[in-house]
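Here are the chains, one letter per residue:
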Amino acid sequence: MSVNTAYLRKIPKIDEVLKQPSIEEAGRNCSHSILVESIRETLDGLRQRILGGYESVSLEMADICKEVQALITKKNTMHLRPVINATGIILHTNLGRAKLSDRAVEAIKSVAQDYNTLEYNLEKGARGSRYDHVEDLIAKITGAEDAIAVNNNAAAVMLILSTMAKGKEVIVSRGELVEIGGAFRVPDIMAQSGGILVEVGTTNKTHYSDYVNNITEQTGALLKVHTSNFKIMGFSEEVTLEEMVEIGHAKGLPVIYDLGSGAMVRLENYGIQDEPNVIDTMKTGVDILSFSGDKLLGGPQAGIIIGKREWIEKMKKNPLTRAFRIDKLTLAALEATLRDYLDPEVAIKSIPTLQMMCATKEDLLPKGQKLFDLLNKDPQGYTVELTEDFGQIGGGSVPTQMIPSIVVALKTTNISLDKLEEELRKVSLPIIARISKERMLFDVRTIEEHHFDYINETLRQLCAK
Ligand SMILES: *Cc1c(COP(=O)(O)O)cnc(C)c1O
């Protein structure tokens, strides 16, 4: 105890630390409050460690200053910041889903830094609508009569149901009462929107007659939900959208489809099955459909609603639209992304999500070889291998589809893989990689080539320890 007390007294005072040249220097690049806070927290930490009985606590001023500087750096770092995605999951919901195109990023920048036409009509010199910017563009690309974009697809579905089915019954197959990541649950959204859920069929089978037999005076709409993140296989049956349109329209009822991902190009051409695309889906005569902006479309977070004008007009007047409204930066990125879709060839070349999705194993091999060559030159504390593995689209899209990819697999000798994984998250530009079969995998599909040198240097530093 007495030893501790003597030792505790040796902890310097805040003012003493403040006077150190390295701290004065650090203080020039951060606010005074962060500086003092960092010193206080460092000294408090030392006190706790000494009281906890740790013998080897260094009270050298140089060591203390280093700790303070590290804390300042941490406090000065943006909390929301970029990472390198080495997982091979293209639309990683935890890593921000779709990466934007250069054009979309430029558009955000220019609109952010200047006044803009958000709600101003240049021709009339009068007030305009924020919904005008992408409406015609979306209609043109998708073949829909009209369109509106809101904050995200969850909001889109809510707005649709609230506008079209408040106080009325909405018929949904039990096989489609899904939960999508982030607590989007169809029954809950239905309840919130004021629609009355009528479940029909069973988990694995829903028949044509299930819809027909459950239509009553109270029915407001038929809803189909893309099951996105799971797939029922084996003894199963669902009613197609075409059939639902036939049933609905025979009874004068609108048909709504929550498409989820909303691919705008035909992905079957690139080996990706089972993901309906917006343009073909629109041709079924469905009244209203909605999808996300930041899934397969490869744009910013948004919910896009397209379909019959009479319904879209009603949605624009719904007070929820104000609550769900899309902001100017998102609109800028969305317009720029959509413009690329005017020519699908351009879209595939310039939208990162599509580029990554369309890259074959053969396309990725030279890229993998490059990273492998860098790492394989005089390795210290690790070995690498260039091999094949599987990536995923992610974002609740095409759940059963694994996409063959090229990975650099790393084995370590000095540091455990778990520790390395942790250390990779702590570096200035964190690297998110996954461990599989006692190797750490770097899937080159989702890594940018200009990050290879950084990855190489970081791994060498961490593995050599
Ligand atoms: C992803 C998804 C949603 C939610 O979309 P967000 O844009 O994330 O709000 C809703 N429905 C389906 C079918 C989905 O796949």
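None of the values given here were measured: they were computed from a predicted structure.

Engineer: What is the right way to read the domain arrangement of the protein chain from this model?
Structural biologist: The parts lose accessible area when they come together, and the size of an interface is often stated as this lost area. Split into domains, the protein chain comes out as domain 1 (8-76), domain 2 (84-93 + 356-463) and domain 3 (102-350). Contacts between the two partners involve eleven residues from domain 2, matched on the other side by 16 residues from domain 3. Each partner contributes to the roughly 1100 Å² buried at the junction of domain 2 and domain 3, and carbon and sulfur atoms together form 68% of this total. Linking domain 2 to domain 3 there are zero salt bridges. Listed by contribution, the elements that provide at least two residues to the side of domain 2 that touches domain 3 are α17 (352-358) and β15 (397-412). Grouping the amino acids of the side of domain 2 that touches domain 3 by side-chain chemistry returns six nonpolar, five polar and no charged.

Engineer: Looking at this structure, I do not really get helix α18 (residues 361-376). What am I missing?
Structural biologist: Residues spaced three or four apart along an α-helix face the same direction, because each turn holds 3.6 residues. Here α18 is 16 residues long and its end C-alpha atoms lie 21 Å apart, about the 22 Å a rise of 1.5 Å per residue gives. Where α18 is concerned, the buried positions are L364, K367, G368, L371, F372 and L375.

Engineer: Quick question: what am I supposed to make of the site of the ligand here?
Structural biologist: Lining the immediate environment of the ligand, one finds R97, N152, N153, A154, I180, F184, H226, S228, D258, G260, S292 and K295. Residue N153 places a main-chain N or O atom 3.0 Å away from an oxygen atom belonging to the ligand. Interatomic distance of 2.9 Å between a backbone N/O atom of A154 and an oxygen atom of the ligand. Considering the ligand on its own, with 380 Å² of exposed area, one finds that the protein chains cover 94% of that surface.

Engineer: For this particular structure, what's the right way to read the side chain of T284?
Structural biologist: Residue placement: T284 occurs in the loop between α12 (278-282) and β12 (288-292). Using a relative accessible area of 16% as the deciding quantity, one classes T284 as buried.

Engineer: Please clarify how unusual backbone geometry should be interpreted in this entry.
Structural biologist: In most cases, non-glycine residues show a negative phi, while peptide bonds are predominantly trans. Located in the positive-phi region is D378, a residue other than glycine, with phi close to 50°. Mapped onto the elements, D378 comes out in the loop between α18 and β14 (382-394). Taking the relative accessible area as the measure of exposure, D378 reaches 55% and is therefore exposed. Despite not being glycine, E438 shows a phi value in the positive range, around 55°. Here E438 shows up in the loop between β17 (434-436) and β18 (439-443).

Engineer: Can you help me understand the packing of aromatic side chains in this one?
Structural biologist: For any two aromatic rings, the description comes down to two numbers: the centre-to-centre distance and the angle of the planes. What the rule picks out here adds up to zero aromatic pairs. Directly above the ring of F235 sits K205, whose terminal nitrogen or CZ lies 3.7 Å from the centroid.

Engineer: Before we go on, may I ask you to explain the side chain of H226 in this structure?
Structural biologist: Note on placement: H226 falls in the loop between β10 (219-225) and α11 (241-250). One polar contact links H226 to E275, side chain to side chain, over a distance of 3.5 Å. Once residues within four sequence positions are removed from consideration, H226 is found in contact with V178, Y257, D258, L259, D274, E275 and P276.

Engineer: Would you explain the pairing of β12 in this entry?
Structural biologist: On a regular strand, one side chain projects to one face of the sheet and the next to the other, so that they alternate. With five of five residues buried, β12 is to be regarded as a mostly interior element. A two-sided burial pattern is seen for β12, the buried positions comprising I288, S290 and S292 on one face and L289 and F291 on the other. Of the pairings in the sheet, the one linking strand β11 (residues 255-260) to β12 comprises four bridges and is parallel in character. Bridging across to β12, G260 finds its partner in F291. One ladder, built from five bridges, connects β12 with strand β13 (residues 303-307); its direction is antiparallel. Residue I288 lies in a different strand from β13, and its bridge partner there is G307.

Engineer: Teacher, can you tell me more about the sheet that holds strand β6 (residues 169-173) here?
Structural biologist: Neighbouring strands of a sheet are bound in pairs by backbone hydrogen bonds; such pairs are parallel or else antiparallel. On the basis of which strands lie adjacent, the open sheet formed by seven strands has the order β5-β13-β12-β11-β10-β6-β9 and mixed pairing. Across the chains shown, the open sheet's two edge strands, defined by having one partner strand only, are β5 (146-150) and β9 (196-200). With direction set aside, neighbouring strand axes in the sheet form an average angle of 20°. Sheet topology places β6 next to β10; three bridges connect them, and they run parallel. Of the residues in β10, the one forming a bridge with V170 is A221. Against the sheet, helix α8 (residues 153-165) makes contact with β5, β6, β10, β11, β12 and β13, and its axis sits at roughly 160° relative to β12, the strand it touches most. Across the sheet, helix α13 (residues 309-317) touches β5, β12 and β13, and the angle it forms with β5 is around 30°.

What counts, and at which threshold
- Residues numbered from 1 in each chain as written.
- Predicted model: local features only at pLDDT ≥ 70, side-chain atom pairs only at ≥ 80, totals over all residues.
- Heavy atoms only, no water.
- Domains from an automatic or database assignment.
- Contact = heavy atoms within 4.5 Å.
- Buried area = accessible area lost by both parts, 1.4 Å probe.
- Salt bridge = Lys/Arg side-chain N within 4 Å of Asp/Glu carboxyl O.
- Helix = DSSP H or I, 4+ residues; strand = E, 2+ residues; numbered from the N terminus.
- Nonpolar A, V, L, I, M, F, W, Y, C, P; charged D, E, K, R; others polar.
- Expected span 1.5 Å × (residues − 1).
- Buried < 20%, exposed > 50% of the residue type's maximum accessible area, 1.4 Å probe, protein only.
- Near = heavy atom within 4 Å.
- Polar contact = N/O pair within 3.5 Å; in protein donor to acceptor, adjacent residues only side chain to side chain.
- Areas by Shrake-Rupley, 256 points an atom, 1.4 Å probe, with all protein chains shown as cover.
- Phe/Tyr/Trp six-rings, centres within 6.5 Å; stacked < 30°, edge-to-face > 60°.
- Lys NZ or Arg CZ within 6 Å of the ring centre and 35° of its normal.
- Pairing = 2+ DSSP bridges.
- Axes fitted to C-alpha atoms, helices over the stretch in contact; angles between N-to-C directions.

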